[in-house]
Amino acid sequence: MELIQSVLVTKSNFIEILQYFIFSNFQTTSVSKALLYLLSKNKSKQEKLRSEVMKVLPEIDTPLSAESIRNVPYLRAVIKETLRIYPPVAGNGRELNDDYILQGYQIPKGTLITFPTTSMCRSDEYFPKAMEFIPERWLRDGSNAQEGCPFCLLYTSDAADE
């Protein structure tokens, strides 16, 4: 942690890093493009994000620190919402280690089961207004208690959210 706090990144360095992520390998290039696309189609969200970033990095040479990263919850929400709508993988699978009974059906050990991440993340059953770009559903201010899906992809805390 001391190493992270001792490394200062200027706003121009941050922009270079951001450009690297956008144009190279941030999850996948398609997710980065999806983030830019969603922001371009949602000007109010774009302005809210810009406002938040400008408060944390008001000048071009403002250092980026671990503390400033903690102060951009809307940026994290935008990233999570982008990954919800455009997940980097369509789903994932597991092989059952034991026999399992699911809703009266016996599923034998060794069966490969899949989780349709994209379908779940784009379902109104799990996310109200699922196809709308609503980064606010990921904020922890209590206003969005019914917006998330506690067992879907990305509905987990990460160290920066704590």
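*Asks:* Residues and numbers for the overall build of the protein, please.
*Replies:* Scanning the protein for helices and strands turns up seven helices and four strands. Reading the protein from its N terminus to its C terminus gives the helix and strand order α-α-α-α-α-α-β-β-β-β-α. Relative to its full complement of 162 residues, the protein shows a buried share of 32%. Within the protein, residue pairs in contact and separated by at least 24 positions form 57% of the contacts whose partners lie at least 6 positions apart. As displayed, the protein has an accessible area near 10800 Å², and 57% of this comes from carbon and sulfur atoms.

*Asks:* Mind laying out the pattern of salt bridges, listing which residues take part and the relevant values?
*Replies:* Taken as a whole, this structure holds five salt bridges when the rule is applied. Two residues, glutamate 136 and lysine 48, come together in a salt bridge whose shortest N-O distance is 3.4 Å. Of this pair, glutamate 136 sits in the segment after α7 (117–121) while lysine 48 sits in helix α4 (residues 43–56), placing them 88 residues apart in sequence. A salt bridge links glutamate 81 to arginine 137, with the nearest nitrogen and oxygen atoms 3.1 Å apart. Of this pair, glutamate 81 sits in helix α6 (residues 73–85) while arginine 137 sits in the segment after α7, placing them 56 residues apart in sequence.

*Asks:* Now, about the confidence of the model for the protein: what can you tell me, with residues and values included?
*Replies:* When pLDDT is averaged across the protein, the result is 78; 70% of the residues are at 70 or more. Throughout residues 1–7 the model reports pLDDT below 50, and contacts reaching past four residues in sequence, or to other chains, amount to five contacts. Confidence over residues 153–162 falls short of pLDDT 50; this stretch has 23 contacts with residues more than four positions distant or in other chains.

*Asks:* Could you give an account of the environment of arginine 76, with specific residues and numbers?
*Replies:* Structurally, arginine 76 can be placed in helix α6. For the pair arginine 76 and leucine 49, spaced 27 residues apart in the sequence, the C-alpha separation amounts to 9.9 Å.

*Asks:* Just give me the short version of the side chain of lysine 45, but keep the residues and values in it.
*Replies:* Position of lysine 45 relative to the elements: it lies in helix α4. Residues within four places of lysine 45 in sequence aside, it is in contact with Leu39, Tyr74, Phe133, Pro135 and Glu136.

*Asks:* Quick one: what's the story with unusual backbone geometry, residue by residue and with numbers?
*Replies:* One non-glycine residue, glutamine 103, lies in positive phi territory at about 50 degrees. Structurally, glutamine 103 is set in the loop between β2 (100–102) and β3 (105–107).

*Asks:* Pulling in residues and values, what's your account of the packing of aromatic side chains?
*Replies:* In total, this model carries one aromatic pair according to the counting rule given. When the centroid spacing of 6.0 Å and the interplanar angle of 45 degrees are considered together, the rings of phenylalanine 127 and tryptophan 138 count as tilted. Residue phenylalanine 127 is found in the segment after α7, and its partner tryptophan 138 is found in the segment after α7; the two are separated by 11 residues along the sequence. Just above the ring of phenylalanine 127 sits the side chain of arginine 84; from NZ or CZ to the centre is 5.0 Å.

*Asks:* Describe in detail the packing of α4 against α6, supporting the description with residues and values.
*Replies:* Put simply, α4 and α6 touch, their axes get as near as 8 Å, and they point 140 degrees apart. In terms of orientation, α4 lies oblique with respect to α6. Along its contact with α4, which presents Lys45, Lys48, Leu49 and Glu52, the element α6 presents Pro73, Tyr74, Leu75 and Val78. Class assignment of the residues belonging to the contact of α4 with α6 gives a composition of five nonpolar, no polar and three charged.

Rules of the game
Residues numbered from 1 in each chain as written. Predicted model: local features only at pLDDT ≥ 70, side-chain atom pairs only at ≥ 80, totals over all residues. Heavy atoms only, no water. Helix = DSSP H or I, 4+ residues; strand = E, 2+ residues; numbered from the N terminus. Buried < 20%, exposed > 50% of the residue type's maximum accessible area, 1.4 Å probe, protein only. Contact = heavy atoms within 4.5 Å. Areas by Shrake-Rupley, 256 points an atom, 1.4 Å probe, with all protein chains shown as cover. Salt bridge = Lys/Arg side-chain N within 4 Å of Asp/Glu carboxyl O. pLDDT = per-residue confidence, 0-100. Phe/Tyr/Trp six-rings, centres within 6.5 Å; stacked < 30°, edge-to-face > 60°. Lys NZ or Arg CZ within 6 Å of the ring centre and 35° of its normal. Axes fitted to C-alpha atoms, helices over the stretch in contact; angles between N-to-C directions. Parallel < 35°, antiparallel > 145°, perpendicular 65-115°, else oblique. Nonpolar A, V, L, I, M, F, W, Y, C, P; charged D, E, K, R; others polar.

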